[in-house]
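What the coordinates show
Residues per chain, in single letters:
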Amino acid sequence: MSNNGGTPVPLLAGRDLARKHGRTQALRGASLELHTGEILAVTGTSGSGKSTLLHCLAGIVRPDQGSVVYAGQRLDQLPEKRLSVLRRTDFGVVFQFGQLIPELTAQDNVALPLMLAGTARTQAHARAGEWLERFGVRGQEELRPGELSGGQAQRVALARALVTGPKVVFADEPTGALDSLATEQVMTALVHAVRESGTSVLLITHDAQVAAYADREVRLIDGAVAAEVAA
Amino acid sequence: MVPMSTRHILLGLLATGPSHGYDLKRRHDERFPQARPLAYGQVYTTLQRLVRDGLAEVEGTDSDGGPERTVYRSTDDGSSELSRWAGEIAPPAPFVTNEIFAKVVVSILSNGDPDAYLRAQRTAHMERMRELTAVKTAKDADLATVLSADYALNHLDADLRWMTTTAARLTTLTAEVDAA
């Protein structure tokens, strides 16, 4: 994908984003670009504005200033209805705690987004099964989130985020509550899956070992992107 | 940094059975994939010293169609020396002699720009961590590769944590100096 200048057009771009939370200025002029198929890590200390940046880029909150352009359209100006359709069709989201529905089995959790989009139950279940297998949680389909380990639950959450074939996955500290071996399993599964499907990932983390799974790192300091310094 | 004990590593490799220098070098490089490869010269000198000290002995020669090679085996003294060394506690880094640490201190002393240095060093560390992560997550990565990449990753990560904290301390320090 390139424009006439030969520079690749980013799939998602935030420019000069500012956003206040109460009296806290969480973002002060943050800009970044995410390209097709790219895994981008956004790192920074607690309170540097990482999660707010993800929320603005994913269309969960609107920035006070600046723009968010996704596939050629201004996300920050899109009416709520169209925005919520786009979030459902094009984006997948994973948080530190997977937010799986506790009453549903792993397979039902993964099948749910497909069924909400109109896929028949049998077909949705088959697709969910394939994704659970890809994430190494085959055999646990019938378990409920409370019966899964932290690492298994996060892999189910990732399967749920990817099952609809999103263009971008937003992951906010997806391994924040896991030990290093479970982290490795979750990250390896995520990287292998998105490399196959060509999905872009915006990965928020404070952990350098997790950021090292990404292609590139953008560092946030006090709500803005730190200038890049050549090594 | 305490140098790795080549003699004990060779004794360790001999613990699985008699072997010749060429084979020991090859197995060393396989078992310690991220370590500096052993030079053949070093392998032979070390083997001769092990024999001199009674920790290894010559078992015979092996030609196997090619050039004749001396085959060594560990002695009983060699085995007990190996288990003594393997159980001995390594000193938990008694002195801080790290180049990154030294550069930051010198930079503060000389009114340099430690912050810019720390950011550039972070970029280099992250680049290396991405390489190691790619090596480790490759579908055909064997256990020795995974273990050595993990070891390197955790040490680079420790550097990065120290660098992040230091950068934050420098900001506070500068603010205090400016306010004075």
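Residues numbered from 1 in each chain as written. Chains lettered and ligands numbered in written order. Predicted model: local features only at pLDDT ≥ 70, side-chain atom pairs only at ≥ 80, totals over all residues.

1. Let's talk about the packing of helix 5 (residues 150–162) of chain A against helix 6 (residues 180–197) of chain A
All names here are of chain A. Remark: helix 5 packs on helix 6, axes separated minimally by 9 Å, with the N-to-C direction vectors making an angle of 15°. In terms of their interaxial angle, helix 5 and helix 6 are classed as roughly parallel. Crossing hand, helix 5 versus helix 6: right-handed. Of the residues in helix 6, those in contact with Gly 150, Gly 151, Gln 154, Arg 155, Leu 158 and Leu 162 of helix 5 are Ala 182, Gln 185, Val 186, Ala 189, Leu 190 and Ala 193. For the contact of helix 5 with helix 6, the residue count by class is seven nonpolar, four polar and one charged. (Axes fitted to C-alpha atoms, helices over the stretch in contact; angles between N-to-C directions. Helix = DSSP H or I, 4+ residues; strand = E, 2+ residues; numbered from the N terminus. Parallel < 35°, antiparallel > 145°, perpendicular 65-115°, else oblique. Left-handed = near helix turned anticlockwise from the far one by under 90°. Contact = placed C-beta atoms within 7 Å. Nonpolar A, V, L, I, M, F, W, Y, C, P; charged D, E, K, R; others polar.)

2. Section: the confidence of the model for chain B
Summing up the model confidence of chain B, the mean pLDDT is 86 and the portion of residues at 70 or higher is 91%. Across the assembled chains, the prediction reports ipTM 0.84 with pTM 0.81. (pLDDT = per-residue confidence, 0-100.)

3. Some remarks on the interface of chain A and chain B
Between chain A and chain B, the residue contacts involve 13 residues of the former and 15 residues of the latter. Counting residues per element, the ones that place at least two in the side of chain A that touches chain B are helix 6 and helix 7 (208–211) of chain A. It is helix 7 of chain A that provides the largest number of residues to the side of chain A that touches chain B, a total of three residues.

4. Describing the domain arrangement of chain B
One frequent convention defines the size of an interface as the accessible area lost when the parts assemble. Residue and element names in this part refer to chain B. Annotation of chain B at the domain level lists domain 1 (6–87) and domain 2 (99–179). Between domain 1 and domain 2, the C-alpha centre-to-centre distance is 36 Å. Residue-level contacts link five residues of domain 1 with five residues of domain 2. Its residues assigned to classes, the side of domain 1 that touches domain 2 comprises two nonpolar, one polar and two charged. (Domains from an automatic or database assignment.)

5. Some thoughts on the packing of helix 3 (residues 106–116) of chain A against helix 5 of chain A
Residue and element names in this part refer to chain A. Between helix 3 and helix 5, the least distance of the axes is 7 Å, while the angle of their chain directions is 25°. As judged from the angle between their axes, helix 3 and helix 5 are roughly parallel. With respect to the hand of their crossing, helix 3 and helix 5 are arranged in right-handed fashion. Residue-level contacts link Ala 106, Asn 109, Val 110 and Pro 113 of helix 3 to Val 156, Ala 159 and Arg 160 of helix 5. Looking at the contact of helix 3 with helix 5 residue by residue, the class counts come to five nonpolar, one polar and one charged.

6. Regarding the nonpolar core
Leu 40, Leu 158, Leu 202 and Leu 203 of chain A are the most contacted members of the largest nonpolar core, which has 73 residues in total. Considering every element that reaches this core, the biggest residue donor is helix 5 of chain A, with seven residues. One finds Leu 10, Leu 47, Ala 56 and Tyr 72 of chain B within the second-largest nonpolar core, a separate group that totals 14 residues. (Core = buried A, V, L, I, M, F, W, Y, C linked by C-beta atoms within 7 Å. Buried ≥ 20, exposed ≤ 12 C-beta atoms within 10 Å, placed from the backbone.)

7. Regarding helix 5 of chain A
All names here are of chain A. The terminal C-alpha atoms of helix 5 lie 18 Å apart, and with 13 residues this matches the ideal 18 Å at 1.5 Å per residue to within 8%. In terms of burial, helix 5 is largely enclosed, as 12 of its 13 residues are buried. Burial in helix 5 covers these residues: Gly 151, Gln 152, Ala 153, Gln 154, Arg 155, Val 156, Ala 157, Leu 158, Ala 159, Arg 160, Ala 161 and Leu 162. Those residues of helix 5 that are buried lie in contact with strand 6 (91–94), helix 3, helix 4 (121–134), strand 7 (168–172) and helix 6. (Expected span 1.5 Å × (residues − 1).)

8. A short note on the sheet that holds strand 1 (residues 19–20) of chain B
Residues and elements named next belong to chain B. Spatially, three strands are ordered 1-3-2 in an open sheet, and the strand pairing comes out antiparallel. Each of the sheet's edge strands pairs with one partner strand only, and the pair in question is strand 1 and strand 2 (56–62). Both strand 2 and strand 3 (residues 69–74) contribute to a ladder of six bridges, which runs antiparallel. Within strand 3, the position partnered with Val 58 by the bridge is Tyr 72. Lying on the sheet, helix 1 (residues 6–14) is in contact with strand 1, strand 2 and strand 3; it crosses strand 3 at an angle near 90°. (Pairing = 2+ DSSP bridges.)

9. Considering the environment of Glu 68 of chain B
All names here are of chain B. Within the secondary structure layout, Glu 68 lies in the loop between strand 2 and strand 3. Along the chain, Glu 68 and Ser 5 lie 63 residues apart, while their C-alpha atoms are 28 Å from each other. Discounting chain neighbours no more than four positions away, the residues touching Glu 68 are Thr 61 and Ser 63.

10. Observations concerning unusual backbone geometry
All names here are of chain A. For Ala 71, which is not glycine, the phi dihedral falls at a positive 45°. Topologically, Ala 71 is positioned in the loop between strand 4 (65–70) and strand 5 (73–74). In this model, Glu 173 sits at a positive phi of 50°, which is unusual for a non-glycine residue. Along the polypeptide, Glu 173 turns up in the loop between strand 7 and helix 6.

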